[in-house]
Amino acid sequence: MDIHSTQRDTYTFLSAVFSNFEKHKLSVDVLASSEVSVSLTLDKTQDIKQVDNIIRDLESYADVTLHKQRAILTLITDVKRASEVLATAFRVFSTQDVQIEMMSQGASKVNISFVLREDQLEKAVLNLHKCFFEDLCVVEPFVNEEDTIEMSSAAVLV
C-alpha cells in the first residue's frame, strides 16, 4: 500500500496514518516512509473489510494505492557485510529483471526486506541462493577490496 499526503500539514501526516491503522486494528509488516508518504505491506490474512475501511479513511487526506499479489523477500546478513550483500543482490535483481518495488532495513540492521511481485519471487530466491550458498552466481559477487565476502554470510527468508 502506498499512501501519499494531499495536505500541506506534513507534521501530522504520519501520526494520522498510524492512528488509522490502530483504529482498524491492522498491523504492518514492512514499512518505508518519508515526511509525506508511506509505503507498507499488510499481512494477507487481515480482514479485507478493514483494509477497505482504512483506505476510505486515509483518502480523506491522502492518495492511496493498494498493490496486490506482492511478496516480501528478506535477506539476513552480518551488519559488516550488508553493503556487499546488497550490491550482489541488486546486481542479481538487475540481470534477472526482478523489479524491487520497496525496500526496508530493520532496526537491528541485519535484515533487509524487499517487496516485489509474487510472480518474480521464485526467480529472485533461486538466483540469490545460487550466489550465496551454491557458488553458482549469475553475477560476479561484489567484493570490498579491503575484505573478502563470505557468500554464506547471507540468509534468504521468504
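Calculation rules
Residues numbered from 1 in each chain as written. Predicted model: local features only at pLDDT ≥ 70, side-chain atom pairs only at ≥ 80, totals over all residues. Heavy atoms only, no water. Helix = DSSP H or I, 4+ residues; strand = E, 2+ residues; numbered from the N terminus. Buried < 20%, exposed > 50% of the residue type's maximum accessible area, 1.4 Å probe, protein only. Contact = heavy atoms within 4.5 Å. 1 Å grid on protein atoms, 1.4 Å probe; cavity = no way out; pocket = protein on both sides within 12 Å on 5 of 7 lines; lining within 4 Å. Points joined across faces, edges and corners; volume = space filled by probe spheres on them. Nonpolar A, V, L, I, M, F, W, Y, C, P; charged D, E, K, R; others polar. Axes fitted to C-alpha atoms, helices over the stretch in contact; angles between N-to-C directions. Parallel < 35°, antiparallel > 145°, perpendicular 65-115°, else oblique. Left-handed = near helix turned anticlockwise from the far one by under 90°. pLDDT = per-residue confidence, 0-100. Polar contact = N/O pair within 3.5 Å; in protein donor to acceptor, adjacent residues only side chain to side chain. Core = buried A, V, L, I, M, F, W, Y, C linked by side-chain atoms within 4.5 Å.

Caption draft 1: The arrangement of the side chain of Asn127 in detail. Structurally, Asn127 is set in helix α4 (residues 118-134). On the basis of relative accessibility, which here comes to 7%, the residue Asn127 falls in the buried class. Among all residues touching Asn127, those that are not within four sequence positions of it are Val92, Gln96 and Val138.

Caption draft 2: Representation of the layout of surface pockets in the model. The computed volume of the largest pocket comes to approximately 560 Å³. Lining of the largest pocket is provided by 23 residues; of these, Thr41, Leu42, Lys44, His67 and Arg70 occupy positions nearest its centre. Those elements giving two or more residues to the lining of the largest pocket turn out to be β3 (37-42), α2 (48-58), β5 (70-77) and β6 (100-105). Per-element accounting of the lining of the largest pocket gives the leading share, 4 residues, to β3. Here the lining of the largest pocket is built from residues that sort into 10 nonpolar, 5 polar and 8 charged.

Caption draft 3: Broad picture of the packing of helix α1 (residues 13-23) against α2. Interhelical geometry of α1 versus α2 gives an angle of 150 degrees and a closest axis separation of 10 Å. Judged on the interaxial angle alone, α2 and α1 are roughly antiparallel. Handedness of the crossing formed by α1 with α2: right-handed. Contacts from Val17, Asn20, Phe21 and Lys23 of α1 reach α2 at Ile54, Asp57 and Leu58. In terms of residue class, the contact of α1 with α2 is made up of 4 nonpolar, 1 polar and 2 charged.

Caption draft 4: Structural detail: the confidence of the model for the protein chain. For the protein chain, per-residue confidence averages 88 on the pLDDT scale, and residues scoring 70 or more make up 89% of the total. Highest mean pLDDT in the protein chain belongs to strand β4 (residues 62-65) (98); lowest belongs to strand β8 (residues 154-157) (59). Taken as a whole, residues 147-153 scores under 50 in pLDDT and shows 18 contacts with residues more than four places along the chain or in a different chain.

Caption draft 5: Seen up close, the environment of Gln96. Along the chain, Gln96 turns up in the loop between α3 (82-95) and β6. In this structure Gln96 comes out as partly exposed when scored by relative accessible area, which is 22%. For the pair Gln96 and Ala124, spaced 28 residues apart in sequence, the C-alpha separation works out to 7.7 Å. A polar contact is formed between the side chain of Gln96 and the side chain of Thr95, at a distance of 3.5 Å.

Caption draft 6: Seen up close, the nonpolar core. Formed by 20 residues in total, the largest nonpolar core has its most connected members in Leu73, Leu75, Phe93, Phe114, Leu116 and Leu128. Contributions of two or more residues to this core are made by β5, α3, β7 (111-117) and α4. In contact with Phe114, other than residues within four places in its own chain, are Ala71, Ile72, Leu73, Leu75, Leu86, Phe90, Phe93, Ile100, Met102 and Met103. Among the nonpolar cores identified, the runner-up in size contains 16 residues, and Val17, Phe21, Leu42 and Tyr61 belong to it.

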